Amino acid sequence: MKSHYVRKLAAVLPALVLVCAGAVLLSQKVNAAGGGSITGTVKLSGTAPHMKGIDMSKDPVCSKAHDTNPAKMENVLVGSGDGLENVVLYISQGLTGNEAPSSQEPTFAQKGCMYTPHVLALNVDQKFKVTTEDQTTHNIHPLPDPTAGNIGWNKSQPPAAPPIETSWKNQEVAIPVKCNIHPWMHGWFVVVKGPYATTDDKGSYTIQNVPAGSYTVTAWQEDLGTQTAKVTVAAGSAAKADFTFKGK
Amino acid sequence: MPTKLLKWSWLAASAALLLAATAQAQITSYDERDRLNTDSHIGKYTGHATNAKEDYRRYCVGCHGELGDGNGEVAQWLDPKPRDFTLGIFKCRSTPTGTLPTDEDLFNTIARGLDRSNMPVWNTFTKQQRADLVAWVKHFSPRFQKEKPGTPIEIPAEPEVTPERVKAGQDVFARVQCWKCHGVEGMANGPSASTLTDDLSRPILPYNFTDGSRPKCGSTDQDIYRIFMTGLDGTPMPSFSDNIKPEEAWDLVFYLRTLQPHNTFNLKERQIAKQLGLKPVNPNAPAQ
């Protein structure tokens, strides 16, 4: 009896949610074109952690690529004015959840046995390419959380291999990616909904095309965690949100 | 009275908790009931999850665990660890990397067992029992409720082994650099071999072609073809289907045979290798 009731409820509930969501959508017209933006800088306070050099001697092709410019780990990259690079900023609250994915198709390149960029932010369902410029074989092996809905895979890319074109089905902050052949190679896919930005080498960012409204912005850094800030964006103008992460 | 108040708020809180807990339990059991309807289709056999409950208890639970999460009683002493069925990630598939295996893949795996692991050979079950076990294995993972298995890769008819093909196969081995992990002689000692870990960060070794062990996912020529084209998900062994053409794949199978010790299945390949005076690939040759 009771379980029947639950079954019925389970059937009705999604419909109810849909109706409510529809109502919300109608009342809040999304107009990204006339939208504003969120801008700011992300800094590191205190001493920057030491980024170890990478020994690539196991693969001469890799070590040769860094003859004059020794490779270092890239977990925490601090640029001029203590700006933190590769921090992803996205809107974690306040969006409708129905934003169309970005139509840009970014590239995640294997270059000098490192990932460029080290962190790639993406929308759910946004297409991206994995390319290789190296004269050595890589295997590209993203490791999403299997219980979160994205499915991992593991593909080889020998020299001159064609790009792999793919996308992620679900939001996930963040998906680690590695090469088993070159164990120092690791990077991230940060998969979010709605507009996002990644900080440059000065720690600056601008999230474009944000419709007017009140939001929570989250800043994600692979080793230092996340921080949030509340902002209100007025139509056509830029709201500001700065973040400071503490060094260890 | 403050004590009375305390008592009451305790009661209220526990009541609320209880309510929440039963609601939760009902939702999971609803889900569970759905999953218990999982079936499998292998040729003329249809397997039903619930029919395998007893067999699983008797034969599998010690390793794979009550919940199918790989945490059975003896799991702590095993390496590699028993598969966690709740993740829906499997090594032996005829389907592309990142997709679910077919029912037939699981059906074959259960009978074959997995060499170099504690997963036994289960060839005493009837086909019906095995089909039921496939459905039971599937019922642990929500992936099988949401997704269809991948489309099996196509394997063209096996060509005749020729010296040209064996030689061409060696060129593929060199070009896509299997030796980075497996070593130039297939002895599991390539430059990257010692640093490999599986998806759960546990150390794992590449397959050693020379020690006479059987590949986990089958030993026939077709099995070997399938292994490197689809990869072994959950491990460093990647899929090569984007970069090895079907013709070349057969050449590679023939070359891999020359690395294996003398046996009935690789007489011809070994003979050809000897005639050609085939030397291991040169790891320092520039990429072609």
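For the structure, check the block above.
An account of the accompanying structure is given in this report. Keep in mind that this is a model prediction, so the values were computed, not measured. (Residues numbered from 1 in each chain as written. Chains lettered and ligands numbered in written order. Predicted model: local features only at pLDDT ≥ 70, side-chain atom pairs only at ≥ 80, totals over all residues. Heavy atoms only, no water.)

**Let's talk about the packing of aromatic side chains**
Inference 1: Following the criterion strictly, the structure yields 19 aromatic pairs over all chains and no others.
Inference 2: For the ring pair Trp136(B) and Phe140(B), a centre distance of 5.6 Å and an interplane angle of 80 degrees mean the geometry is edge-to-face.
Inference 3: A relative accessible area of 6% means that Trp136(B) is categorised as buried.
Inference 4: A residue is classified by how much of its surface remains accessible, and Phe140(B), at 8% relative accessible area, is buried.
Inference 5: Between Tyr225(B) and Trp250(B) the ring centres are 4.9 Å apart and the planes differ by 50 degrees, which places this aromatic pair in the tilted class. Of the two residues, Tyr225(B) is situated in helix 9 (residues 221–230) and Trp250(B) in helix 10 (residues 246–259); the sequence distance between them amounts to 25 residues.
Inference 6: A relative accessible area of 0% means that Trp250(B) is categorised as buried.
Inference 7: Put simply, the rings of Tyr56(B), Phe85(B), Phe90(B), Trp136(B), Phe140(B) and Phe144(B) pair up and form one aromatic cluster.
Inference 8: Sitting above the plane of the Trp153(A) ring, Lys155(A) keeps its charged end 5.7 Å from the centroid.
Inference 9: The ring of Phe107(B) has Arg130(B) sitting right over it, with the charged end atom 4.0 Å from the ring centre. (Phe/Tyr/Trp six-rings, centres within 6.5 Å; stacked < 30°, edge-to-face > 60°. Buried < 20%, exposed > 50% of the residue type's maximum accessible area, 1.4 Å probe, protein only. Helix = DSSP H or I, 4+ residues; strand = E, 2+ residues; numbered from the N terminus. Lys NZ or Arg CZ within 6 Å of the ring centre and 35° of its normal.)

**Overview of the sheet that holds strand 9 (residues 164–166) of chain A**
All names here are of chain A.
Inference 1: Ordered in space as 4-3-6-9, the 4 strands form an open sheet in which the pairing is mixed. Whereas interior strands pair on both sides, the edge strands pair on one side only; in this sheet they are strand 4 (114–116) and strand 9. Each strand axis lies, on average, 20 degrees off the axis of its neighbour in the sheet, ignoring direction.
Inference 2: Both strand 6 (residues 128–132) and strand 9 contribute to a ladder of 3 bridges, which runs antiparallel. Bridging across to strand 9, Phe128 finds its partner in Thr166. (Pairing = 2+ DSSP bridges. Axes fitted to C-alpha atoms, helices over the stretch in contact; angles between N-to-C directions.)

**Quick notes on helix 4 (residues 103–112) of chain B**
Residues and elements named next belong to chain B.
Inference 1: A large share of helix 4 lies buried, amounting to 7 of its 10 residues.
Inference 2: The set of residues buried in helix 4 consists of Asp103, Asp105, Leu106, Phe107, Thr109, Ile110 and Ala111.
Inference 3: Positive backbone phi, approximately 75 degrees, marks Gly113, located one or two places after helix 4.

**Considerations on the sheet that holds strand 8 (residues 155–157) of chain A**
Residues and elements named next belong to chain A.
Inference 1: On the basis of which strands lie adjacent, the open sheet formed by 5 strands has the order 5-11-10-7-8 and mixed pairing. Here the strands that pair on one side only, and so sit at the sheet edges, are strand 5 (119–123) and strand 8. Across the sheet, the mean angle from the axis of one strand to that of its neighbour is 25 degrees, orientation sign disregarded.
Inference 2: Taken together, the 2 bridges between strand 7 (residues 138–142) and strand 10 (residues 172–178) define a ladder with antiparallel strand orientation.

**Thoughts on the pattern of salt bridges**
Inference 1: With the rule as written, the count across this model stands at 16 salt bridges over all chains.
Inference 2: Across the pair Asp242(B) and Lys155(A) runs a salt bridge whose closest N-O atoms are separated by 3.6 Å. Here Asp242(B), found in the loop between helix 9 and helix 10, pairs with Lys155(A), found in strand 8, and the two come from separate chains.
Inference 3: The salt bridge involving Lys138(B) is made with Asp103(B); its shortest N-O contact spans 2.8 Å. One end of the pair, Lys138(B), is in helix 5 (residues 127–139); the other, Asp103(B), is in helix 4, with 35 residues separating them in the sequence.
Inference 4: A relative accessible area of 9% places Lys138(B) in the buried class.
Inference 5: Salt bridges linked by common partners bring Arg165(B), Glu247(B) and Asp251(B) together as one network. (Salt bridge = Lys/Arg side-chain N within 4 Å of Asp/Glu carboxyl O.)

**Overview of the packing of helix 4 of chain B against helix 5 of chain B**
Residues and elements named next belong to chain B.
Inference 1: Where helix 4 contacts helix 5, the two axes come as close as 9 Å, and the packing angle between them is 115 degrees. Seen along the crossing, helix 4 lies across helix 5 with a hand that is right-handed. Residues Asp103, Leu106, Phe107, Asn108, Ile110 and Ala111 of helix 4 form the contact with helix 5, whose participating residues are Lys127, Arg130, Ala131, Leu133, Val134 and Lys138.
Inference 2: Of the residues assigned to the contact of helix 4 with helix 5, the class counts are 7 nonpolar, 1 polar and 4 charged. (Left-handed = near helix turned anticlockwise from the far one by under 90°. Contact = heavy atoms within 4.5 Å. Nonpolar A, V, L, I, M, F, W, Y, C, P; charged D, E, K, R; others polar.)

**With respect to the state of the cysteines**
Inference 1: Using the criterion set out here, one finds 2 disulfides over all chains in the structure.
Inference 2: Across a sulfur-sulfur distance of 2.0 Å, Cys62(A) and Cys113(A) are joined as a disulfide pair. The disulfide joining Cys62(A) to Cys113(A) has a torsion of about -70 degrees about its S-S bond and is therefore left-handed. One end of the pair, Cys62(A), is in helix 2 (residues 60–65); the other, Cys113(A), is in the loop between strand 3 (107–111) and strand 4, with 51 residues separating them in the sequence.
Inference 3: Accessibility expressed as a relative area gives 1% for Cys113(A), which makes it buried.
Inference 4: In this model, Cys92(B) is linked to Cys217(B) through a disulfide, with the two sulfur atoms separated by 2.0 Å. When the S-S torsion is -75 degrees, as for the bridge of Cys92(B) with Cys217(B), the disulfide is left-handed. Placement of the pair is Cys92(B) in the loop between helix 3 (61–64) and helix 4 and Cys217(B) in the loop between helix 8 (179–182) and helix 9, with a sequence separation of 125 residues. (Disulfide = S-S within 2.5 Å.)

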